[in-house]
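# What the coordinates show
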Amino acid sequence: MPILRDRNRRYVVSRKSPQIPPGLWIADVGAGTGLFTLRFAEAVGPSGRVYAVDVSESFVDSIRRHARAEGLENVVPVVNQQTSVALDTATVDLVFLCDTYHHFEYPDAMLASIREALAPGGVLAIIDDRREPDVSAPWIIEHVRADRRTVIKEVTQAGFDLIDEPLELRENFFIRFRKRHP
């Protein structure tokens with residue numbers, strides 16, 4: 001799915017996505033306003049499912065309303081906690097985090113929960129702010145807890161293998177991991 005930011009740091013997302021096949025089950029963790037949830041729901045079609053996971057009940061309720069208004073019956077709203085994505089074991093093929101990882105107060109617990117929710121061979125995709133001294137804006141340095149290297153270390157220690165970095169983004173990194181077999 002083409003994911004870019006315009007000069008105002010807003011996300012620009014294509015409605016058509018050859019890289020998100022129909023029938024895929026996705027968890028948009030930290031779904032926020034539902035920007036990605038709704039586009040994923042269109043891409044996976046009626047045979048797929050998208051879990052809109054967020055700790056904010058008001059965000060989840062808003063996504064539910066917007067999905068229904070767009071006729072997207074494949075969106076499942078989920079209010080989670082800081083230590084769990086609140087999904088059943090092996091429920092999803094892809095967990096997507098956008099500007100969410102740095103908010104994890106308990107990264108070990110969340111990564112364990114994500115790993116459990118992923119089906120065998122499932123993918124964890126993370127987009128987050130670059131945290132680089134003398135490069136990143138001061139607010140990012142103060143706000144973002146983990147740089148790219150730390151994210152890779154934490155995720156691989158939690159039972160994932162690094163796949164690739166499919167897009168080069170100016171102010172963010174985009175890294176994909178696969179759930180490691182036991």
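The text that follows walks through the structure, step by step, so that each part is easy to find. (Residues numbered from 1 in each chain as written. Predicted model: local features only at pLDDT ≥ 70, side-chain atom pairs only at ≥ 80, totals over all residues. Heavy atoms only, no water.)

### Focus: the pattern of salt bridges
Selection criterion: Salt bridges are defined as contacts in which a side-chain nitrogen from Lys or Arg sits within 4 Å of a carboxyl oxygen from Asp or Glu. Only DSSP runs of H or I covering at least 4 residues are called helices, and only runs of E covering at least 2 are called strands; the numbering of each starts at the N terminus. Only protein chains enter the accessibility calculation, which uses a 1.4 Å probe; a residue is then buried when its area is under 20% of its type maximum, exposed when over 50%, and partly exposed in between.
Scanning all chains against the criterion turns up five salt bridges. Glu42 is paired through a salt bridge with Arg39; the nearest N and O atoms lie 2.9 Å apart. You can see Glu42 and its partner Arg39 sitting in helix α1 (residues 35-44), three residues apart, about one turn around the helix. Arg39 sits in the buried class, given a relative accessible area of 9%. The residue Asp161 makes a salt bridge to Arg180 at a minimum N-O spacing of 2.8 Å. One end of the pair, Asp161, is in strand β8 (residues 160-164); the other, Arg180, is in the segment after β9 (172-179), with 19 residues separating them in the sequence. Using a relative accessible area of 36% as the deciding quantity, one classes Asp161 as partly exposed. The exposure class of Arg180 is partly exposed, given its relative accessible area of 29%. Taken together, the shared-partner salt bridges connect Arg39, Glu42 and Glu70 into one network.

### Regarding the environment of Phe59
Residue position: Phe59 is located in helix α2 (residues 57-69). Separated by 29 residues in the primary sequence, Phe59 and Gly30 have C-alpha atoms spaced 9.5 Å apart.

### As for unusual backbone geometry
Within the chain, Ala86 stands out as a residue other than glycine whose phi angle is a positive 60°. Mapped onto the elements, Ala86 comes out in the loop between β5 (75-79) and β6 (92-98). Phi at Ala90 takes a positive value of approximately 55°, unusual for a residue other than glycine. Looking at where Ala90 falls in the secondary structure, it is placed in the loop between β5 and β6.

That's the geometry; what it means functionally is another story.
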